Amino acid sequence: MARCSGRATSRSYRKMQGHAKMTMFAVFSILSLFFPSSTEAGLYTATDQIILLTPETVESVLVNSTAAIVVEFYASWCGHCVAFSTTYKNLARDIKEWKPAVDLSAIDCADESNRKVCTNYSIRGYPTLKFFNAYSKADSKGQSLRAHRDVRGLRQAIIDKLEKHEEPWPPACPPLEPTSKAEIDSFFETNNVQHLALIFEDLKSYIGREVTLDLLQFENIAVRRVLNTEEALVSELGVTDFPSCYLYYPGGNYTQLKVKFQARTFYSYALQRLPGVERSGKPTPNKVNLKSNNTNEPWRHFNASRVYMADLESALHYSLRVEVSAYPVIRGKDLNSLKKYICVLAKYFPGRPVVMNSLRYIDSWLQNQYGNEVSYDAFRAALDNTAQAPDTALPEGVRWVGCQGSQPHFRGYPCGVWTLFHVLTVQAINSRASDALEVLTAMREYVRTFFGCRECAQHFESMVRENLFDVSTSSSAVIWLWSRHNWVNNRLAGALSEDPYFPKIQWPSPEMCPLCHTVKLNGDHKWDLDQVLPFLTSYFSNSSILTDFLDDESIILEKQREKQASEAKKRLGREVKEATTVNPLSLLPTIQEEEEEEEEEEEGPQDEAVAEDMAGGKNYDTTPWVKPDMGLGERRQKRAHSRPVIVGMRMKPQPEDIVDLDSFVNQHYRAKALAASSRVKRRTLQRKEEQEPVPIFGLGLGLDSGLGMVGLEPMEPEFENQKRKHLQKRELSHQVYNVKEGESHRIGWVSMFSVGFSKVDISLCVILYFLSSVCLLTMYLFFKNRLRIRRPKVSQL
């Protein structure tokens, strides 16, 4: 004990303390990562801040550790162990700040793989608690520790074991014995700290030692215990009440610490928030320069006692447009989770009219999706109101106010999600919701499915499984969510994700809600739930939400219209680009087109002159009914106008006057080949393509190049004259026939019946006709033979 009392709080000591804390944190992280099966098997999980031992890790945790270790040996089937597990979990949360000096662990002896470990430590009953000193040897069996039924008894039993600890002393553990006036007079000569807290108490009190351990992770402060029998210090500071806390400074200056109750929790909270006091490893907060932080936007000054609608709308935007977008297709249970989430938002979110219209529209759209899956693109289209429903918009982007952090990676979305769900549970009370679990169930399924931090989602799920279904009223749902939020704050206090400017505390603080805090008869802190519930319902009520830093609804609607117009313009541009983009290979003339082009060159200089003019860059129309450089909308309108109209149709009863459509087809092939050739040349000259000409008939129908039809004639007389001047050519079964004028009528009928059929079609027809003939022949022979056999029988009768 002499060496223990000689230890002082110094900078070198703080470095040793930080090293020990990092070592234990690394051990705990490795256990959580490499042995997840143990986490799920027993009564405890990694979320409970308890080290889960296995045969592979027990030696590394218990032997030669820099911290003292408390181990619970339990059996998961033991009813008393199940009941005690709640106390043990609460103890872990209560002494979380003691971790560099003492840590908690557990092992399930009901697991057969752990039986040998439990046997080696002489465990015969459950639960059994054992205390292992720091730097224990491999053959150490530990010291028995009484399993008290309450956290206070366990906490004090651990302190008793620490005070009796043998050398070497845990390096991170501060001195726990009472101090004297002589030590206080020379304290600042040997210690570089800003504050010295003196807790005056009687001999049986544990408050001074508990507060000392509560502050061991904080720098620039030291805590010493002074007994009421130390008359010199008591008289010098004029102490009359025990316990009480005084702040002592160099030169003999001192002041009493003002707290609501003279109790451990109130002392620890007040001391941790003194100027200059900071958690080890964290930068010193400087709230004066907070407005010049490293975020992309300027700092927004806010009222910490109010909720901001900007945070709620930012949380909505991020959850629906970012988190959910990780699922290109939402199906099955995921889709049901999304429907529940949107339904709760539509019912209880206290938003502005345009936002509420948007949530109701999305909810209605989702409920009408009767399939088992929905694409995120379709969901996003409904979210962005592409249907242009009036006065409907969900603001895009995030604008954190009450949830803004000192760095971009601090607070923000997690803070916004917690605030959003607190607001929804309170609004469910005001709406007199019939289902007490409606909001919590929707929250649970959303976090489990869509929340991006998967470890956070697993931790939340483990809390939910513990006692969510004990919630029976909307009021108890509010209290349940608040208590679990404080559990998370306790677990994450001091973690790398904690913003040093906004430390995680048990909320609400004594300054924000003094009536919410009280003490038990034994001096331990206690939440007054009769005061907590009214505070929560008031804090998260619709009337308490501030609308500062929000854009006006008209501006939001205008931004939405501008975005939709911009997207429509881009979409139209893509369609035009796709419509005007031509595969270069498709412009190359085929062998048949080359032959037709050669034939056309022999017929006269007219078509050749047209091609030369087009190759020279002239904007020349190969046919009088085609306009060059026609836009997409104009082309659609032109096609609409060129649909069949019964105008100018003249039926020709005389066979000799029937239009030779086969001749027309060849003419159309020549026109097509000429257009293709011109497009190739113009492609070389970096020119735009022209629309391929299509002849117009008296029926008003642009005919396909392979279509044969009787009784129509072209509207233009020159087309009829050109038709009769050319030699007709037709490809049937890879053969080209020169058709004379006298034979055009016969070949026309052949063309009419063959056009539109491929070689496979014709082959199938031939095969089918052959098979039909064979079947008919077989049937004929069968019945003929049968008749021949029956005739002799008839003659015998």
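Going by the structure above, here's the rest.
Residues numbered from 1 in each chain as written. Predicted model: local features only at pLDDT ≥ 70, side-chain atom pairs only at ≥ 80, totals over all residues. Heavy atoms only, no water.

Caption draft 1: Highlighting a nonpolar patch on the surface. On the surface, Val760, Leu764, Ile767, Leu768, Phe770, Leu771 and Val774 cluster together into a nonpolar patch covering about 670 Å² of accessible area. Tracing the sequence through the fold places Val760 in helix H29 (residues 759-796). (Patch = residues over 30% accessible without salt bridge, like charges linked within 9 Å, V, L, I, M, F, W, Y side chains within 5 Å. Areas by Shrake-Rupley, 256 points an atom, 1.4 Å probe, with all protein chains shown as cover. Salt bridge = Lys/Arg side-chain N within 4 Å of Asp/Glu carboxyl O. Helix = DSSP H or I, 4+ residues; strand = E, 2+ residues; numbered from the N terminus.)

Caption draft 2: Region of the structure containing the pairing of strand E2 (residues 68-74). Extensive coverage of E2 is indicated by the burial of seven of its seven residues. Residues of E2 alternate between two faces, with Ala68, Val70, Glu72 and Tyr74 on one and Ile69, Val71 and Phe73 on the opposite face, all of them buried. The pairing of E2 with strand E4 (residues 128-132) spans five bridges and is antiparallel. The residue of E4 that forms the bridge with Glu72 is Leu129. (Buried < 20%, exposed > 50% of the residue type's maximum accessible area, 1.4 Å probe, protein only. Pairing = 2+ DSSP bridges.)

Caption draft 3: Up close: the pattern of salt bridges. Counting across every chain of the model gives 27 salt bridges. One salt bridge connects Glu498 with Arg279, and the closest N-O pair in it is separated by 3.8 Å. Of this pair, Glu498 sits in the loop between helix H20 (474-492) and strand E15 (517-519) while Arg279 is found in strand E11 (residues 278-279), placing the two residues 219 residues apart along the sequence. Looking at Arg279, the relative accessible area reads 9%, which means it is buried.

Caption draft 4: Highlighting helix H22 (residues 553-580). Its 28 residues place the ends of H22 41 Å apart at the C-alpha level, agreeing with the 40 Å of an ideal helix rising 1.5 Å per residue. Packing partners of the buried residues in H22 comprise helix H15 (353-367). (Expected span 1.5 Å × (residues − 1). Contact = heavy atoms within 4.5 Å.)

Caption draft 5: Up close: the sheet that holds E2. The strand order E1-E3-E2-E4-E5 describes an open sheet built from five strands, whose pairing is mixed. Edge positions in the sheet fall to strand E1 (51-52) and strand E5 (143-145), since each has one partner strand and no second. Relative to strand E3 (residues 102-108), E1 runs parallel, the two sharing two bridges. Residue pairing across strands places Leu52 opposite Ala106, the latter belonging to E3. Where helix H7 (residues 151-163) meets the sheet, it contacts E2, E3, E4 and E5, and its direction lies at approximately 155° from that of E5. (Axes fitted to C-alpha atoms, helices over the stretch in contact; angles between N-to-C directions.)

Caption draft 6: Up close: the state of the cysteines. Under the criterion given, the structure shown has four disulfides. Note that Cys513 is cross-linked by a disulfide to Cys516, the S-S spacing being 1.9 Å. For the disulfide bridge between Cys513 and Cys516, the dihedral angle about the S-S bond is near 70°, and by the sign convention the bridge is right-handed. Both residues of the pair, Cys513 and Cys516, count as buried. Take the cysteines of the chain that form disulfides and number them in order along the sequence; they join up as 1-2, 3-4, 5-6, 7-8. (Disulfide = S-S within 2.5 Å.)

Caption draft 7: Quick look at the environment of Cys453. With respect to the helices, strands and loops of the structure, Cys453 is situated in the loop between helix H18 (438-450) and helix H19 (454-467). Separated by 39 residues in sequence, Cys453 and Pro414 have C-alpha atoms that sit 9.6 Å apart.

Caption draft 8: Looking closely at the packing of aromatic side chains. Here the structure, examined in full by the defined rule, presents 30 aromatic pairs. An angle of 55° between the planes, with centres 5.3 Å apart, marks the rings of Phe261 and Phe266 as tilted. Among the residues examined, Phe266 registers a relative accessible area of 4% and is labelled buried. Positioned above the aromatic ring of Phe502, the side-chain terminus of Arg411 is 4.4 Å from the ring centre. Lying across the ring of Trp487, Arg484 places its NZ or CZ 4.1 Å from the centre. (Phe/Tyr/Trp six-rings, centres within 6.5 Å; stacked < 30°, edge-to-face > 60°. Lys NZ or Arg CZ within 6 Å of the ring centre and 35° of its normal.)

Caption draft 9: Structural context of the side chain of Ser244. Mapping Ser244 onto the fold places it in strand E9 (residues 244-248). For Ser244, the contacting residues outside a window of four places in its chain are Leu198, Ile199, Phe200, Val239, Gln256, Gln262 and Tyr267.

Caption draft 10: Structural context of the environment of Val259. Inspection of the secondary structure puts Val259 in the loop between strand E10 (254-256) and helix H12 (264-272). When the C-alpha atoms of Val259 and Pro510 are compared, they prove to be 9.0 Å apart, with 251 residues separating the residues in sequence. The contact partners of Val259, leaving out residues within four places of it in the chain, are Phe266, Tyr267 and Ala270.

Caption draft 11: Expanded view of the packing of helix H13 (residues 309-323) against helix H14 (residues 332-348). Closest axis-to-axis distance for the H13/H14 pair is 13 Å, and the angle between their directions is 155°. Judged by the angle between their axes, H13 and H14 are roughly antiparallel. For the element pair H13 and H14, the recorded crossing hand is left-handed. Contacts from Leu316, Ser319 and Leu320 of H13 reach H14 at Tyr341, Ile342 and Leu345. Class assignment for the residues of the contact of H13 with H14 results in five nonpolar, one polar and no charged. (Parallel < 35°, antiparallel > 145°, perpendicular 65-115°, else oblique. Left-handed = near helix turned anticlockwise from the far one by under 90°. Nonpolar A, V, L, I, M, F, W, Y, C, P; charged D, E, K, R; others polar.)

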